[in-house]
Amino acid sequence: MELNRLTAHELTALLDKGDISPVDICNNIIKEIGQKDKGLNAVVHFDPEKAIERAKALKGRDSSAALWGLPIFIKDNICVKDELTTCGSKILEGFAPPYNATVVDRLCRAGAILMGKTNMDEFAFGSSTETSFYGVTKNPWDRDRIPGGSSGGSAAAVAANEAIFALGSDTGGSIRQPASLCGVVGLKPTYGRVSRYGLIAFASSLDQIGPITKDVEDAAILLKVISGHDNMDPTSVDKSVPDFPSLIKRGIKGLKIGIPKEYFIEGIDSEVRQSMRDAIKKLETLGAICEDMSLPHTEYAVAVYYLVATAEASSNLARFDGVQYGFRADQAASVIEMHKKTRQEGFGSEAKRRIILGTFALSSGYYDAYYLRALKVRTLIKRDFEEAFKKYDVIVTPTSPTPAFKINERTEDPLTMYLSDIFTISANLAGIPGISIPCGFTKSGLPIGLQILGKPFDEETILRTAYSYEQAAK
Amino acid sequence: MDITKDTVRYVADLARVGLTDEDLGNFTGQLDRILGYVNKLKAVDVSGLEPTSHVLEMKNIYREDEVKDSLPVSEVMKNAPAKKGDMFKVGKIIEA
């Protein structure tokens with residue numbers, strides 16, 4: 001049997017029966033990667049022998065180990081002790097962190113087997129996984145196209161059955177958009193639901209780690225494992241974690257769904273638009289009440305995001321200066337020259353562009369006009385959702401205005417690339433949870449994604465909506 | 001517009017990012033276009049609005065002041081591009 005094609009919950013059932021072993025699953029994964037990944041480039045750091053060793057070293061099963069025996073891939077910006085963690089960047093060449101991210105410790109405690117690291121846009125700066133130092137990741141549905149980004153490696157690996165499931169990170173859509181473009185499930189939790197300790201920071205007020213999976217049930221299982229308060233991250237919130245997997249199957253009869261008119265703008269692909277219409281009809285037949293509504297400040301989200309996120313990034317990336325870890329340029333006349341040369345040679349173009357834009361937005365004379373103004377408009381975007389959620393349980397939109405685009409199609413013009421995130425960014429600015437699930441294909445066979453946004457800390461309802469839709473669409 | 005080559009050069013210097021002449025030319029045009037786009041925020045009335053720098057209503061977070069183990073120095077130094085004993089090594093900082 002090709003175990004790599006199964007979901008985590010299907011494999012757990014087989015493991016429970018004793019029909020298969022964790023080593024069997026790993027062997028299937030290793031074989032698939034061996035056959036496919038040269039063409040896809042989804043996985044950047046992977047040692048098959050170590051993976052098998054880990055599978056063999058697993059202790060016997062106990063009931064609390066929700067992921068026992070299941071291999072998992074981790075986005076390359078999440079620290080794994082003594083394993084390469086390079087953020088898709090030359091500046092972190094050879095970096096092996098001395099500690100695990102909290103999510104990684106939680107995965108290990110739950111019995112998961114760490115496999116390796118997946119490709120990403122450098123420092124998660126991108127929507128296409130084209131800016132990685134390790135090269136472009138291809139979309140498994142059409143290798144001339146991008147997989148989305150920045151967690152494109154995780155999404156492509158899951159879609160290509162090179163992984164059972166994976167972790168990604170989402171700052172402006174970096175889990176949901178690649179999940180949409182690769183035809184898999186991706187969930188961005190509420191800001192504060194999952195510890196960011198050990199996630200190499202891009203924009204600290206927006207970043208969240210989340211699951212990328214083959215189906216909604218797996219997303220619920222993985223989310224439960226990685227969620228919860230962590231003393232190492234003061235922004236992780238001390239709230240009890242619901243038993244997501246047992247709560248998603250109760251249906252959506254009477255659920256109130258808002259459909260924001262600002263998300264059905266000109267420029268949205270006609271097939272995406274049609275598949276949204278079909279999805280909304282399906283949700284209605286399941287008993288949900290769908291209503292058109294408005295999130296009036298949506299059009300400002302991209303502008304706010306590219307000031308706030310780059311400002312935070314310019315500050316976070318100051319630590320990469322060639323002193324404590326990673327790459328250092330040689331032959332510099334002074335320490336400051338060494339910093340400048342290290343960052344010139346170590347960062348790719350998009351990273352430099354964002355550092356400069358963010359530094360500009362924070363610099364004396366421009367701070368009020370750009371950064372501070374953006375934070376004030378962020379307040380309006382957050383309020384839009386607060387108002388909407390007084391009336392609606394969830395909000396449904398397309399995840400991306402278009403299906404996967406061609407490699408190099410948007411690399412020449414950063415602004416066009418930035419607009420790829422137009423439907424996912426608002427959730428990060430407002431801190432709310434969102435999930436992308438598959439909702440059909442274009443005529444040319446490219447996946448389309450449906451986004452469901454929810455109230456803060458109400459991942460349960462977006463998962464339940466997603467599960468109901470997924471089962472009905474089967 | 002606010003962005004000229006001089007601005008980009010100045011800001012890149014603040015950010016300690018060296019640029020080639022080609023980078024400088026490209027970035028100036030690109031940043032100018034991006035700022036042209038974000039200038040749409042100028043149309044929003046923001047009077048009386050509080051800025052949202054963070055979505056959680058965070059208060060100070062306190063914990064007991066206990067001494068705990070930190071990472072072993074040897075582990076931390078392992079990734080250093082240059083070191084001397086337990087210290088990170090860089091070029092001379094103080095001018096002679």
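Right above here is the structure, for reference.
Residues numbered from 1 in each chain as written. Chains lettered and ligands numbered in written order. Predicted model: local features only at pLDDT ≥ 70, side-chain atom pairs only at ≥ 80, totals over all residues.

### Quick notes on the interface of chain A and chain B
Frequently, the measure chosen for interface size is the accessible area removed from exposure when the parts meet. Which entries qualify depends on this criterion: Contact definition: two residues whose C-beta atoms, as placed from backbone geometry, lie within 7 Å. Numbering of helices and strands runs from the N terminus; a helix is a DSSP stretch of H or I covering at least four residues, while a strand is a stretch of E covering at least two.
Facing 55 residues of chain A, the contacting portion of chain B comprises 43 residues. Going through the elements one at a time, α10 (301-316), α11 (335-346), α12 (349-362), α13 (368-391) and α14 (414-418) of chain A are the ones with two or more residues in the side of chain A that touches chain B. With 10 residues, the single largest contributor to the side of chain A that touches chain B is α13 of chain A.

### Some thoughts on unusual backbone geometry
Residue and element names in this part refer to chain A. That bond from Gly149 to Ser150 is cis: its omega, 15°, falls within 30 degrees of zero. Among the secondary structure elements, Ser150 is positioned in the loop between β3 (113-118) and α5 (152-159). A positive phi angle, close to 60°, is found at Asn41, a residue other than glycine. Looking at where Asn41 falls in the secondary structure, it is placed in the loop between α2 (22-40) and β1 (43-46). Within the chain, Ala124 stands out as a residue other than glycine whose phi angle is a positive 70°. As for its placement among the helices and strands, Ala124 is situated in the loop between β3 and α5.

### Quick notes on the nonpolar core
Residues and elements named next belong to chain A. Heads up, the condition is: To form a nonpolar core, buried Ala, Val, Leu, Ile, Met, Phe, Trp, Tyr and Cys residues must be joined through C-beta atoms within 7 Å. Exposed residues have 12 or fewer other C-beta atoms within 10 Å of their own C-beta, buried residues have 20 or more, and residues in between are partly exposed; the C-beta atoms are placed from the backbone.
Ile72, Ile78, Ala166, Val304, Leu307, Ile356 and Leu463 are the most contacted members of the largest nonpolar core, which totals 165 residues. Sorting elements by how many residues they give to this core places α10 first, with 11 residues. Not counting residues up to four positions away in its chain, the partners in contact with Leu463 are Val216, Ala219, Ala220, Phe244, Ile248 and Ile435.

### Structural notes on the packing of α12 of chain A against helix α1 (residues 5-14) of chain B
Inclusion rule: To define axes, lines are fitted to C-alpha atoms, for helices over the stretch in contact only, and angles between the resulting N-to-C directions are given on a 0 to 180 degree scale. Here roughly perpendicular refers to angles of 65 to 115 degrees, roughly parallel to angles under 35, roughly antiparallel to angles over 145, and oblique to all remaining angles. Asp, Glu, Lys and Arg are counted as charged, while Ala, Val, Leu, Ile, Met, Phe, Trp, Tyr, Cys and Pro are counted as nonpolar; the rest, among them Gly, fall into the polar class.
At a closest axis distance of 9 Å, the pairing of α12 of chain A and α1 of chain B adopts a crossing angle of 95°. Considering their axes alone, α12 of chain A and α1 of chain B lie roughly perpendicular with respect to each other. Mapping the contact onto sequence places Ile356, Thr359 and Phe360 of chain A in α12 of chain A and Val8, Val11, Ala12 and Leu14 of chain B in α1 of chain B. In terms of residue class, the contact of α12 of chain A with α1 of chain B is built from six nonpolar, one polar and no charged.

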